Amino acid sequence: MNTFKILFSFILFLSINVVGAHAAELDHWVLQQKAIAESRMRINISPHGTRRGAVVASPSKQDPNYYYHWVRDAALTMDVFMRQLESQNHSLSERTLRGLLWDYFTFSEYGYLLPSYDGVGEPRYNVDGQPNQDPWGRPQNDGPALRASLLIRFSRYLSAKGEETLVRERIWPLIRHDLNYVGQNTHRSSVDLWEEVRGHHFYTRMVSRAALLCGGDFARRMGDHAQATWYKAQADFLNQQLEQHFHRDLNQIVETVGFESGHDYKHSGLDVATLLAVLHTQNEPYMQLSSKILMDTVMSLKAEFDLRYNINNQKKTTDLGSAIGRYPEDRYYDGNPWFLSTLAYAEYYYLLGNLTEGDRYMRRVRLHVGDDGSMAEQIGKWNGYMLSARDLTWSYAAFLTAAEAREKLIRMKKIKQVL
Ligand code: NOJ
Ligand code: NOJ
């Protein structure tokens, strides 16, 4: 071995260990925070006095009142438990997980039969299971798509356990109802996931496409060949529509096109919803996570938040990532970073295999969680203290999926080191 080779292996040895040490410093906190997130998330499911299966968005009943079952938040919460059931690697028992998903299903099934303003596109339900009647941004068509995708996964799990009859007789009718609605509405505008703008949204289109694709396969399994073909055709239509969001000259994916009404000040078109869309459709990928246009969009969005949030310009250490909000022009609570957005950045980098960058966002989250590990909806842009709805269920769900991506990445890196 010549000197160069010796030097090279020494440097390699050093860098591997630095990467290892770097990750280890966060390991303990992530582990501890996982347990907190899971238990706080469960506190918000079927709390006392609610209909079984209700997933409240937050225990906060005023300023703001989030004590409702939002279709989107509920599906994203259940995704965390579904992942556990699918992976064999669970902290909760199979019986508990199954119970949580079954309750979620029966709550959804109950609401279906009741009259509501927007039928299947109804964005939220009261905790007794009645569709909410307040004036609200309706319809929100990402909800039924997320619900259908989740229930298909649950059905696959049940079928594998030999419960085919239950799937065919109880769950499939609900899934079909959701998918028919999603399929019939591919060409119609709806209100975005932030409940503010009516138009055509990348997020809604992406989750609709994913639901229709896995729905096509599932319908075929259920023997519904005509529906299967039609779902696939609707997904193809969305493939074309999604092209409208790619502004190749700007290297940017624009979240909303065909604005109709609502907040008319979102001029940049940048929105973390675009990244969420890609993260939430990993089962039916439309584009590569590593695609350049997505990376450019993510970077431009971050640059906007660096300009706007005071906390991103304090404590400038290289190992601390930026706090990320929803979109640059956000005015809700005067526009702040959100836990779920910052965690989306962490998850994105982990999935790309970049532990160092992902950990920078995790450290940002660690800096702002409460002393007891609680996570509200937002992080004050001026002082870093938590704001808006406390114990937001979706914040915890976002933490848990990011933590899962981190664990997978570390496991992979360890295997590579051994090889
Ligand atoms: C306005 C917020 O911007 C929106 O995201 C939220 O869903 C509604 N108010 C209801 O709280
Ligand atoms: C406001 C957010 O904008 C929306 O996406 C969410 O569904 C509700 N809060 C409930 O958490």
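Look a little higher up for the structure.
Note that the structure is predicted; figures quoted are calculated from it, not measured. (Residues numbered from 1 in each chain as written. Chains lettered and ligands numbered in written order. Predicted model: local features only at pLDDT ≥ 70, side-chain atom pairs only at ≥ 80, totals over all residues. Heavy atoms only, no water.)

*Asks:* Whenever I open this one, the site of ligand 1 confuses me. Can you help?
*Replies:* The environment of ligand 1 is formed by Tyr66, Trp136, Trp194, Glu195, Glu196, Arg326 and Tyr332. Glu195 has a polar side-chain atom sitting 2.4 Å from an oxygen atom of ligand 1. Within the side chain of Tyr332, a nitrogen or oxygen atom sits 3.2 Å from an oxygen atom of ligand 1. The class makeup of the residues in the shell around ligand 1 is 4 nonpolar, no polar and 3 charged. (Near = heavy atom within 4 Å. Polar contact = N/O pair within 3.5 Å; in protein donor to acceptor, adjacent residues only side chain to side chain. Nonpolar A, V, L, I, M, F, W, Y, C, P; charged D, E, K, R; others polar.)

*Asks:* I'm lost on unusual backbone geometry in this one. Help?
*Replies:* Note: most peptide bonds trans; most residues except glycine with negative phi. Residue Pro64 is bonded to the preceding Asp63 through a cis peptide linkage, with omega at -5°. The topology assignment puts Pro64 in the loop between α1 (3-43) and β1 (69-70). The residue Glu195 is not glycine, and still its phi comes out positive at about 65°. Along the chain, Glu195 turns up in the loop between β3 (190-191) and β4 (197-201). Classification of Glu195 by relative accessible area gives partly exposed; the value is 23%. Positive phi, normally seen in glycine, also occurs at Asp334, with a value near 70°. Looking at the secondary structure, you find Asp334 in the loop between α9 (292-308) and α10 (339-351). (Helix = DSSP H or I, 4+ residues; strand = E, 2+ residues; numbered from the N terminus. Buried < 20%, exposed > 50% of the residue type's maximum accessible area, 1.4 Å probe, protein only.)

*Asks:* Explanation requested: the site of ligand 2 in the structure shown.
*Replies:* The full set close to ligand 2 counts 13 residues, and Tyr66, Arg72, Asp73, Leu193 and Arg326 are the nearest of them. Here a nitrogen atom of ligand 2 and a side-chain polar atom of Tyr66 are 3.3 Å apart. For ligand 2, an oxygen atom lies 3.2 Å from a polar atom in the side chain of Arg72. Taken by itself ligand 2 offers 300 Å² of open surface, and the protein chains cover 97% of this. Partitioning the shell around ligand 2 into residue classes produces 8 nonpolar, no polar and 5 charged. (Areas by Shrake-Rupley, 256 points an atom, 1.4 Å probe, with all protein chains shown as cover.)

*Asks:* Explain the sheet that holds β4 here, please?
*Replies:* Hydrogen bonding along the main chain pairs the strands of a sheet, whether they run parallel or antiparallel. Strand order across the open sheet formed by 3 strands is β3-β4-β7, with antiparallel pairing between neighbours. On the outer flanks of this sheet lie β3 and β7 (256-262), each paired with one strand and no other. Note: β3 against β4, 2 bridges, orientation antiparallel. Residue Ser190 lies in a different strand from β4, and its bridge partner there is Gly199. The strands touched by helix α6 (residues 202-221) within the sheet are β3, β4 and β7, with β4 carrying the most contacts at an inclination of about 50°. (Pairing = 2+ DSSP bridges. Contact = heavy atoms within 4.5 Å. Axes fitted to C-alpha atoms, helices over the stretch in contact; angles between N-to-C directions.)

*Asks:* Could you clarify how one ought to interpret the environment of Arg153 in this entry?
*Replies:* Mapped onto the secondary structure, Arg153 falls in helix α4 (residues 142-160). Taking C-alpha positions, Arg153 is 9.3 Å from Arg83, a pair spaced 70 residues apart along the chain. Residues within four places of Arg153 in sequence aside, it is in contact with Asp79, Met82, Arg83, Glu86 and Asn283. Within the structure, the side chain of Arg153 is placed 2.9 Å from the side chain of Glu86, a separation counted as a polar contact.

*Asks:* Is there a simple way to think about the side chain of Glu255 in this case?
*Replies:* Within the element layout of this structure, Glu255 appears in the loop between β6 (252-253) and β7. For the buried residue Glu255, which engages in no salt bridge, the nearest side chain bearing the opposite charge is Lys266, 6.9 Å off. Within polar-contact distance, the side chain of Glu255 engages the backbone nitrogen of Tyr203 at 3.0 Å. (Lys, Arg positive; Asp, Glu negative; His and termini not counted. Salt bridge = Lys/Arg side-chain N within 4 Å of Asp/Glu carboxyl O.)

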